[in-house]
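Commentary on secondary and tertiary structure
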Amino acid sequence: MRTGLTAAPSRPHSAPVAARLRRTAARWLWLICLPLSACAGQAEQPAGAADQCAEAMTTIEINRCLHAQSQTAEEQLQRYLNAAREQHAESPEAVAAMDQAQDSWERFRNAHCAAVYSLWADGSIRGAMHNQCLLDETRQRTRQIWQVYLTTMDGGELLPDPAAADAAAVGE
């Protein structure tokens, strides 16, 4: 008994095309979701950045927003590093070791985020993914600097937890 349905002729190129379409769709899905994820954590963003990201909808706006946020995070990291250097100035060896570790970390961060950029090189999202990587890595490093160099054994803090400082700046 025939139902009138016939199998589609096999196409030798359909598997690679389908795989490429799935990758492209996944990348576009990231692009669509990125404005939401970039702004969902507004408590972690400095003042002004949350406002800027709330309206980011185009690739250019998202890239501009994430770049501004990563620059602000870099400035915060430098403030925490300077405070750590001042706090431990009586130990030049410790400061030199901290600076050497920071140089190594910066090389790692830049190489890692360049790899993220390369992963997304075929899409317009590559800049956003790169900037998000820089932002995430820089925020993590700032918190590490705070935990290791700017807190005391008895729980005291020489500067506030960077995540708490970001939340306070937004008014949370």
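Parameters at a glance
- Residues numbered from 1 in each chain as written.
- Predicted model: local features only at pLDDT ≥ 70, side-chain atom pairs only at ≥ 80, totals over all residues.
- Heavy atoms only, no water.
- Helix = DSSP H or I, 4+ residues; strand = E, 2+ residues; numbered from the N terminus.
- Polar contact = N/O pair within 3.5 Å; in protein donor to acceptor, adjacent residues only side chain to side chain.
- Contact = heavy atoms within 4.5 Å.
- pLDDT = per-residue confidence, 0-100.
- Disulfide = S-S within 2.5 Å.
- Buried < 20%, exposed > 50% of the residue type's maximum accessible area, 1.4 Å probe, protein only.
- Salt bridge = Lys/Arg side-chain N within 4 Å of Asp/Glu carboxyl O.

Next up on the list: the side chain of Thr138. Mapped onto the secondary structure, Thr138 falls in helix 5 (residues 126–149). For Thr138, the side chain forms a polar contact with the main-chain oxygen of Leu134, separated by 2.7 Å. Those residues in contact with Thr138, other than ones at most four positions away along the chain, are Ala73, Glu74, Leu77, Trp105 and Arg109.

Now for the confidence of the model for the chain. Looking at the chain as a whole, its pLDDT mean stands at 77, while 65% of the residues score no less than 70. Per-residue pLDDT, averaged within each element of the chain, yields its smallest value for helix 1 (residues 14–40) (44) and its largest for helix 4 (residues 92–119) (97). Every residue in residues 2–15 is under pLDDT 50, and counting partners more than four places away or in other chains gives 0 contacts. This model gives residues 17–48 a pLDDT under 50, and the stretch forms 46 contacts once residues within four places in sequence are excluded.

In this structure the tally under the stated criterion is 1 disulfide. Put simply, Cys113 and Cys133 are joined by a disulfide, and their sulfur atoms are 2.1 Å apart. Its S-S torsion of approximately -80° makes the covalent link between Cys113 and Cys133 left-handed. Here the residue Cys113 occupies a position in helix 4, and Cys133 occupies one in helix 5, the gap between them amounting to 20 residues. Judged by its relative accessible area of 0%, Cys113 falls in the buried class. For Cys133, a relative accessible area of 8% puts it in the buried group.

What follows covers the pattern of salt bridges. By the definition in use, this model includes 3 salt bridges. Asp99 is paired through a salt bridge with Arg85; the nearest N and O atoms lie 2.8 Å apart. Residue Asp99 is found in helix 4, and its partner Arg85 is found in helix 3 (residues 59–87); the two are separated by 14 residues along the sequence. For Asp99, a relative accessible area of 25% puts it in the partly exposed group. Note that Asp161 and Arg143 form a salt bridge whose closest N and O atoms lie 2.7 Å from each other. Of this pair, Asp161 sits in the loop between helix 5 and helix 6 (162–170) while Arg143 sits in helix 5; the two residues are 18 residues apart in sequence, bridging distant segments of the chain. Under the relative-accessibility criterion, Asp161 is labelled buried at 15%.

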